[in-house]
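# Structure at a glance
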Amino acid sequence: MSETEAGVVIVGAGHAGGTAAALLRQYGYQGRVTLMGEEPIPPYQRPPLSKAWLKGEADADSLMLKPHSFYEGAGIELILGVKVTGLARSARVVRLEGGAERAYETLILAMGARARTLPIPGAELTGVMSLRTAADAETLKASLRPGRRLAVIGGGYIGLEAAASGRALGAEVVVIEREAQILARVAKDPLCSFLTEYHRARGVAFEVGARVEAFEGEGGHVSSVRLGDGRVISCDAVLVGVGLVRNDELARESGLECVNGVVVDEHARTSDPHVFAIGDVTHRPIPLYDRMFWLESVANALEQAKQAAAAIVGRPAPAQEVTWNWSDQYDLKLQFAGLPFDADDIVVRGDPASAKFAVFHLRGDILRSLEAVNAPAEFMAGRQLIGSQRPISRARLADVSVSMKEVAA
Amino acid sequence: MARITYIEHDGTEHVVEVKNGLSVMEGAVKNNIPGIDADCGGACACATCHVYVGEAWRDKTGTPSAMEESMLDFAENVEPNSRLSCQIKVSDELEGLIVTMPESQH
């Protein structure tokens with residue numbers, strides 16, 4: 001490995017970038033590998049920030065993808081706490097804040113995304129937070145304790161996980177959702193109603209169909225949320241969980257094809273053969289559904305890290321995966337697989353009242369996606385069925401006396 | 001602390017010291033040992049950290065929970081000594097543990 005060699009430069013030291021660096025070495029890549037990130041710490045897992053870590057069930061060390069010593073041992077140069085401000089593709093150079101430049105033979109863009117903020121009065125008050133980074137999570141955790149009141153803006157998975165963790169820490173929690181139902185953009189009933197009731201039974205209050213007009217403060221710190229109908233909800237802290245914005249500016253400014261995210265092919269290649277993009281920042285093909293889409297998950301970050309690392313070292317491309325994700329709330333294990341594109345019907349297996357059931361989305365007799373609640377067999381078998389696109393019997397799928405093994409057989 | 005031997009499907013052995021309290025999965029991932037993907041980071045949500053536990057350690061590694069059993073049921077090439085390595089906590093008791101990896105985690 002020569003110091004003058006350009007090798008692979010990875011911009012973004014999150015789950016995707018960190019995994020790509022490690023995989024390049026695991027796959028035997030001998031060239032120089034440089035991993036650059038804006039955050040001051042090496043790659044870590046974000047999912048626990050709203051789950052086990054927030055509840056105090058996992059320590060900071062356990063979040064790390066690899067121990068710090070791994071990078072030196074593996075010959076991966078870590079450049080942390082720096083922002084990459086420019087990309088000159090014709091010269092194959094990235095420019096860092098402060099003016100330093102770094103040449104690359106192959107570039108992997110893994111800048112991820114940032115939390116969307118609300119452009120409303122009071123958004124700058126202290127105590128109004130997002131949850132994306134470990135630093136965000138530290139700030140949030142410090143404000144969750146008995147007697148404190150957290151207002152969660154946005155009834156999505158991040159918001160619901162934070163609500164559950166907040167209750168576990170003894171804080172009061174109110175979830176404020178713009179749509180008529182929580183999870184409106186990603187799920188349907190009976191899951192939405194089930195989760196609403198499950199949270200409500202554990203002390204979470206809901207305001208649905210509510211527009212947030214402003215955050216109001218005292219002495220620079222947030223003290224309440226004002227709704228569109230004039231009502232004021234008092235709180236000590238606000239978590240805004242209303243989606244993300246992809247960090248594709250560097251790619252766009254360099255002329256790479258972007259569609260609200262960097263456009264890549266099934267090998268994570270961009271429109272420039274020397275540039276790959278992986279993880280949350282991408283707009284990628286989903287062959288199973290025959291379309292381009294955005295996936296925001298660890299599974300996606302890992303799949304694309306494998307695709308890029310394999311393409312760079314000349315290994316066969318990894319098998320296509322059925323996209324999946326999970327969420328932990330209270331004692332609920334939620335697992336999701338596939339995407340509900342073109343689905344025309346829903347089959348519910350199991351009784352939501354028992355907190356063990358699954359919702360299957362079908363197109364004809366082909367399974368397209370599923371949501372499983374404390375139902376690992378339904379998740380595992382369903383994920384395989386989504387991938388195989390084998391026709392299944394709806395009646396048998398709905399009948400819990402027929403095992404998932406038999407349904408899938 | 002326990003010394004654990006991870007054997008890849010092709011027979012390649014990796015011997016590492018793993019701290020008490022970590023899982024057998026974490027011991028592999030943090031040492032960049034191939035063959036254990038652990039996509040979900042240990043949440044028992046994905047079944048990509050499947051291993052076969054050496055006969056001598058089957059009692060010491062305990063019995064899988066109902067959740068783990070259900071996940072394993074649908075993993076590939078499952079054997080009676082199959083476990084999800086994220087669900088096995090390392091302790092002094094596991095000194096010398098040998099785990100073998102399946103051909104694939106998918």
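Residues numbered from 1 in each chain as written. Chains lettered and ligands numbered in written order. Predicted model: local features only at pLDDT ≥ 70, side-chain atom pairs only at ≥ 80, totals over all residues.

### Some points on the overall build of chain A
Across its full length, chain A holds eleven helices and 26 strands. Against the 2.2 N^0.38 benchmark of 22 Å for 409 residues, chain A shows a C-alpha radius of gyration of 22 Å, consistent with a compact globule. Within chain A, the fraction of its 409 residues that count as buried is 47%. Sequence-distant contacts, at least 24 apart, represent 61% of the contacts inside chain A between residues at least 6 apart. (Helix = DSSP H or I, 4+ residues; strand = E, 2+ residues; numbered from the N terminus. Rg over C-alpha atoms; globule rule 2.2 N^0.38 Å. Buried ≥ 20, exposed ≤ 12 C-beta atoms within 10 Å, placed from the backbone. Contact = placed C-beta atoms within 7 Å.)

### A closer look at the packing of helix H1 (residues 15–26) of chain A against helix H8 (residues 298–313) of chain A
Residues and elements named next belong to chain A. Between H1 and H8, the least distance of the axes is 8 Å, while the angle of their chain directions is 35 degrees. H8 is crossed by H1, and the crossing has right-handed handedness. Of the residues in H8, those touching H1 at His 15, Ala 16, Thr 19, Ala 20, Leu 23 and Leu 24 are Val 298, Ala 301, Leu 302, Gln 304, Ala 305, Lys 306, Ala 308, Ala 309, Ile 312 and Val 313. When grouped by side-chain class, the residues that make up the contact of H1 with H8 number twelve nonpolar, three polar and one charged. (Axes fitted to C-alpha atoms, helices over the stretch in contact; angles between N-to-C directions. Left-handed = near helix turned anticlockwise from the far one by under 90°. Nonpolar A, V, L, I, M, F, W, Y, C, P; charged D, E, K, R; others polar.)

### Some thoughts on the packing of helix H9 (residues 376–388) of chain A against helix H2 (residues 66–73) of chain B
H2 of chain B packs onto H9 of chain A with a crossing angle of 15 degrees between their chain directions and a minimal axis gap of 8 Å. The angle between H9 of chain A and H2 of chain B falls in the class roughly parallel. Note on packing geometry: the crossing formed by H9 of chain A with H2 of chain B is right-handed. From H9 of chain A, Pro 376, Ala 377 and Met 380 of chain A reach across to H2 of chain B, where they touch Met 67, Ser 70, Met 71 and Asp 73 of chain B. Partitioned by chemical class, the residues of the contact of H9 of chain A with H2 of chain B number five nonpolar, one polar and one charged. (Parallel < 35°, antiparallel > 145°, perpendicular 65-115°, else oblique.)

### Considerations on unusual backbone geometry
Of the consecutive residues Asp 189 of chain A and Pro 190 of chain A, the connecting peptide bond is found in the cis state with omega at 10 degrees. Positive phi, normally seen in glycine, also occurs at Gln 389 of chain A, with a value near 55 degrees.

### What to know about the domain arrangement of chain A
Residue and element names in this part refer to chain A. Parsing chain A into structural domains produces domain 1 (8–114 + 245–313), domain 2 (128–242) and domain 3 (331–408). For domain 1 and domain 2, the distance between their C-alpha centroids amounts to 30 Å. At the interface, eleven residues of domain 1 touch 13 residues of domain 2. Here the residues of the side of domain 1 that touches domain 2 are counted per class, giving six nonpolar, one polar and four charged. (Domains from an automatic or database assignment.)

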